[in-house]
Amino acid sequence: MRQKLPKKQRNAVRWGRYAVILLVLLTVYFFTNVWQSVSITRLLRQNSELKADLRTLKNKNALLVVQHDSLTRPERIRAVLKGKVQLQNAETINIFTNESGE
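Residues numbered from 1 in each chain as written. Predicted model: local features only at pLDDT ≥ 70, side-chain atom pairs only at ≥ 80, totals over all residues. Heavy atoms only, no water.

Visitor: I'd like a rundown of the overall build of the protein chain, residues and numbers included.
Guide: Scanning the protein chain from N- to C-terminus turns up 2 helices and 0 strands. Principal-axis analysis of the C-alpha atoms gives the protein chain an extent of 125 × 40 × 20 Å. Expressed as a percentage of the 102 residues in the protein chain, the buried residues total 1%. Split by element, the accessible area of the protein chain, about 10,500 Å² in all, is 61% carbon and sulfur. If the 18 positive side-chain charges of the protein chain are averaged to one point and the 7 negative ones to another, these points end up 47 Å apart. (Helix = DSSP H or I, 4+ residues; strand = E, 2+ residues; numbered from the N terminus. Buried < 20%, exposed > 50% of the residue type's maximum accessible area, 1.4 Å probe, protein only. Areas by Shrake-Rupley, 256 points an atom, 1.4 Å probe, with all protein chains shown as cover. Lys, Arg positive; Asp, Glu negative; His and termini not counted. Charge placed at Lys NZ, Arg CZ, Asp CG, Glu CD.)

Spelled out as structure tokens, the structure:
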């Protein structure tokens, strides 16, 4: 059978329970606060790495665009065709049409 505790002891037990609950809540709060801080730091580091990768890719893209433009110039294509394939310019053919329909 359970004995009834004196009022002072009951109050002490009650305040002890409140202290334990408060301690648990503070522990959870600080744990989540530190966890969020660590997560934010990790995401910021990851973001800066991705920005550096993006900058590198943009520079490579700019170089490839310049290279593509230089490779597709008509003068260069003509020079390659004349040199390697040894193609000659075609004769110019003028076609006149009769406007009277004959």
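Visitor: Lay out the pattern of salt bridges in plain terms, naming residues and giving numbers.
Guide: Applying the stated criterion to the full structure yields 1 salt bridge. The residue glutamate 75 makes a salt bridge to arginine 73 at a minimum N-O spacing of 3.7 Å. (Salt bridge = Lys/Arg side-chain N within 4 Å of Asp/Glu carboxyl O.)

Visitor: Break down the environment of arginine 76 for me, with residues and values.
Guide: Considering the arrangement of structural elements, one finds arginine 76 in helix H2 (residues 74–85). Residue arginine 76 is classed as partly exposed on the basis of its relative accessible area of 34%. When the C-alpha positions of arginine 76 and asparagine 11 are compared, they lie 95 Å apart, and in sequence the two are 65 residues distant. With sequence-adjacent residues up to four places away left out, arginine 76 is seen in contact with Ser70 and Leu71. (Contact = heavy atoms within 4.5 Å.)

Visitor: Tell me about a positive patch on the surface, and name the residues and values.
Guide: Taken together, the side chains of Lys4, Lys7, Arg10 and Arg14 define a basic patch exposed on the protein surface. Locating arginine 10 in the fold gives a position in helix H1 (residues 7–71). The exposure class assigned to arginine 10 is partly exposed, which follows from its relative accessible area of 37%. (Patch = residues over 30% accessible without salt bridge, like charges linked within 9 Å, V, L, I, M, F, W, Y side chains within 5 Å.)

Visitor: How would you summarise the environment of glutamine 46 if you had to cite specific residues and measurements?
Guide: Tracing the sequence through the fold places glutamine 46 in helix H1. The exposure class assigned to glutamine 46 is partly exposed, which follows from its relative accessible area of 39%. As for glutamine 46 and asparagine 94, which are separated by 48 residues in sequence, their C-alpha atoms are 65 Å apart.

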